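Each chain, written out:
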Amino acid sequence: MTDDVLLVHGGNPLEGEIQIRGAKNLVPKAMVAALLGQGPSRLRSVPDIRDVKVVRGLLQLHGVTVRTGDEEGELILDPSHVESANVADIDAHAGSSRIPILFCGPLLHRLGHAFIPGLGGCDIGGRPVDFHFEVLRQFGATIEKHPQGTYLVAAQRLRGTKIELPYPSVGATEQVLLTAVLAEGVTELRNAAIEPEIVDLICVLQKMGAIISMGTDRTILITGVDELDGYTHRALPDRLEAASWACAALATKGDIYIRGAEQIPMMTFLNTFRKVGGAYEIDDAGIRFWHPGGELKAIALETDVHPGFQTDWQQPLVVALTQATGLSIVHETVYESRLGFTGALNQMGAHIQLYRECLGGTPCRFGARNFNHSAVVSGPSKLMGAELVIPDLRGGFSYLIAALAAEGTSTVHGIDLINRGYENFMDKLRDLGAHIELPSEAEPVEVGLTA
Ligand SMILES: CC(=O)N[C@H]1[C@@H](OP(=O)(O)OP(=O)(O)OC[C@H]2O[C@@H](n3ccc(=O)[nH]c3=O)[C@H](O)[C@@H]2O)O[C@H](CO)[C@@H](O)[C@@H]1O
Ligand SMILES: C=C(OP(=O)(O)O)C(=O)O
């Protein structure tokens, strides 16, 4: 297990430049969309992260040929042989990521049946997939649950339908898009999620020949077509990774230029970053984020679906808020259990109190349900190195930020989880001047507070 441990010697500002590539929350889905095409697709700016490897493996198992193109980060996906694939080994992919659920529509269209292994993804709430199965039933699929996964059948071509999601779920919206594009007739989706990654997936599907229009009121209309072709597409940059590095700059009093970061998908984050007292500068190629000196300011923050403050930004920002003066309030309204990571920050010296109530104004789905989903962060706190065990992807990156901002050395266990969504994060940390070591490289060190 020592390979999965990182020693972080904190106390130095992160400074320099890093490059981000395609979004973790778009790229695997665009790869799945390639299954819908008659011909090969070409996806550019694909990051080297584990979720991409998982989907690549699953596509290959389903007969899709996946090879790298001439450009760095380019994948060519050819679905010509899907019909003759042997998926006997699919169980090996159980628990690997959330993406297998999105294979349903494309496989039902191509083969008339699909087997979906158990899902993985971050442990930040119950993460049910009831909306997915309900919409697939509405399209005409039948669904059987088995201990190893879910088996779906479409006895005939799936039919367009009218759907209203109970909540604007990102995954369920993508499920509808990937299914409706080849269904017979028109699908009207109400209360859809409209995250930038979804809009980019719509762009991919439109390039393939789909007819999709977005209304102003979370309504999406999809007119099914008989056939789709391959696409050529450059994935939108990872705004979640960009925000994570921006929070690292703020918490460590650093200065990071993020090449590839874009303003429009980050507008809400940029406003919050400025309210906290962070500085940024946008140019054609990226965004520079830095701590301008002086005190950071406490804020009230509520996570929400787009265009609200994205939940995946919450954990890294909370680390920066431990350095702000006063009481910050954070109300997590997207996942019921996304604040558990704060316990370890308290062991490092932070003062974060969790509440079951909806603090900050708007009542949410979790208010009356006994979940610790609001936090009061009291700062500024001096953080000390600690022994940390990574709980989930963003929580893991947040622990790295905290360890880098802390005095002394932290031992961070479970760092491999970060590879799921952050490309080459250790190289990037080193490029930014972080003092990190794998235990095999380290002199014996004195570890700070223990967890
Ligand atoms: C791979 C990927 O893109 N992951 C992102 C995606 O996750 P994911 O697509 O899984 O998230 P959803 O938007 O579906 O989930 C939002 C909320 O809806 C609930 N829900 C969802 C589906 C369902 O069938 N039933 C149900 O109750 C969830 O429990 C959660 O409370 O969007 C989230 C919200 O922006 C992000 O945090 C994740 O990074
Ligand atoms: C929650 C996340 O991802 P996933 O849905 O893949 O678990 C995330 O990216 O922070």
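Quick caveat, the model's predicted, so the values are computed rather than measured.

> Please give an account of the site of ligand 2 that cites residues and values.
For ligand 2, the full set of nearby residues is Lys-24, Arg-98, Gly-121, Cys-122, Ile-124, Arg-127, Asp-312, Arg-338, Leu-393, Arg-394 and Arg-420. Take Lys-24: an N or O atom from its side chain is 2.7 Å from an oxygen atom of ligand 2. In the environment of ligand 2, an oxygen atom lies 2.8 Å from a nitrogen or oxygen atom belonging to the side chain of Arg-420. Protein contact buries 93% of the 290 Å² of open area that ligand 2 shows by itself. Residue composition of the shell around ligand 2, grouped by class: 3 nonpolar, 1 polar and 7 charged.

> Lay out the domain arrangement of the chain with the relevant residues and their values.
Each domain of the chain was delimited in the assignment, giving domain 1 (2-20 + 237-441) and domain 2 (27-234). Centre-to-centre, using C-alpha coordinates, domain 1 lies 30 Å away from domain 2. Between domain 1 and domain 2, the contact holds 22 residues from the first and 20 residues from the second. It is Val-305, His-306 and Arg-420 in domain 1 that bury the most area against domain 2; as a group they hold 36% of the surface buried on that side. Seen at the junction of domain 1 and domain 2, the total is 3 salt bridges. With a closest N to O distance of 2.7 Å, Glu-197 and Arg-239 form a salt bridge. Here domain 1 is connected to domain 2 by 10 residue pairs in polar contact (both at pLDDT 80 or more). In the side of domain 1 that touches domain 2, the residues fall into 8 nonpolar, 6 polar and 8 charged.

> Provide a residue-level description of the site of ligand 1, including the pertinent values.
What surrounds ligand 1 is a group of 21 residues, the closest being Lys-29, Asp-130, Ser-169, Asp-312 and Val-334. Interatomic distance of 2.6 Å between a side-chain N/O atom of Ser-169 and an oxygen atom of ligand 1. Burial of ligand 1 by the protein amounts to 90% of the accessible area it has alone, namely 740 Å². Listing elements by their share of the shell around ligand 1, those giving two or more residues are α4 (130-139), α5 (170-180) and α9 (311-321). The leading source of residues in the shell around ligand 1 is α4, at 3 residues. Of the residues that constitute the shell around ligand 1, the class distribution is 7 nonpolar, 6 polar and 8 charged. When residues of the shell around ligand 1 are assigned to domains, at least three map to each of domain 1 (2-20 + 237-441) and domain 2 (27-234).

> I'd love a proper account of helix α2 (residues 50-61), names of residues and values included.
The end-to-end C-alpha distance of α2, which contains 12 residues, comes to 17 Å, matching closely the 16 Å that a straight helix rising 1.5 Å per residue would cover. Every buried residue of α2 is listed here: Asp-51, Val-52, Val-54, Val-55, Leu-58, Leu-59 and Leu-61. In this structure, the buried side of α2 is in contact with α1 (27-33), β4 (65-68) and β5 (75-78). Of the residues trailing α2, Gly-63 is marked for its positive phi of about 95°.

> Can you explain the pattern of salt bridges? Please cite residues and give values.
For the structure on display, the rule yields 22 salt bridges. Between Glu-423 and Arg-21 there is a salt bridge, with the nearest N and O atoms lying 2.3 Å from each other. Residue Glu-423 is found in the loop between β23 (409-413) and α12 (425-431), and its partner Arg-21 is found in the loop between β2 (15-19) and α1; the two are separated by 402 residues along the sequence. The class of Glu-423 is buried, set by a relative accessible area of 5%. For Arg-21, a relative accessible area of 16% puts it in the buried group. With a closest N to O distance of 2.5 Å, Arg-338 and Asp-312 form a salt bridge. Of this pair, Arg-338 sits in the loop between β19 (324-331) and α10 (342-347) while Asp-312 sits in helix α9; the two residues are 26 residues apart in sequence, bridging distant segments of the chain. For Asp-312, a relative accessible area of 9% translates into the label buried. Connected through salt bridges with shared partners, the residues Arg-42, Arg-44, Glu-71, Glu-74 and Arg-234 form a single ionic network.

> So what about the packing of α5 against helix α6 (residues 196-208)? Which residues, and what values?
Two elements in contact, α5 and α6, have axes whose closest approach is 11 Å; the angle formed by their N-to-C orientations is 10°. In this view, α5 runs roughly parallel relative to α6, as classed from their interaxial angle. For the pair formed by α5 and α6, the contact residues are Val-170, Thr-173, Glu-174, Leu-177 and Leu-178 on the first element and Ile-198, Leu-201, Ile-202 and Leu-205 on the second. When its residues are assigned to classes, the contact of α5 with α6 shows 7 nonpolar, 1 polar and 1 charged.

> Describe in detail the packing of helix α7 (residues 239-251) against helix α8 (residues 267-276), supporting the description with residues and values.
Contact geometry for α7 and α8: axes closest at 12 Å, N-to-C directions at 5°. Taken together, α7 and α8 sit at an angle that is classed as roughly parallel. Residues Ala-243, Ala-246, Cys-247 and Leu-250 of α7 pack against Phe-269, Phe-273 and Val-276 of α8. Grouping the amino acids of the contact of α7 with α8 by side-chain chemistry returns 7 nonpolar, no polar and no charged.

Criteria and thresholds
Residues numbered from 1 in each chain as written. Chains lettered and ligands numbered in written order. Predicted model: local features only at pLDDT ≥ 70, side-chain atom pairs only at ≥ 80, totals over all residues. Heavy atoms only, no water. Near = heavy atom within 4 Å. Polar contact = N/O pair within 3.5 Å; in protein donor to acceptor, adjacent residues only side chain to side chain. Areas by Shrake-Rupley, 256 points an atom, 1.4 Å probe, with all protein chains shown as cover. Nonpolar A, V, L, I, M, F, W, Y, C, P; charged D, E, K, R; others polar. Domains from an automatic or database assignment. Contact = heavy atoms within 4.5 Å. Buried area = accessible area lost by both parts, 1.4 Å probe. Salt bridge = Lys/Arg side-chain N within 4 Å of Asp/Glu carboxyl O. Helix = DSSP H or I, 4+ residues; strand = E, 2+ residues; numbered from the N terminus. Expected span 1.5 Å × (residues − 1). Buried < 20%, exposed > 50% of the residue type's maximum accessible area, 1.4 Å probe, protein only. Axes fitted to C-alpha atoms, helices over the stretch in contact; angles between N-to-C directions. Parallel < 35°, antiparallel > 145°, perpendicular 65-115°, else oblique.

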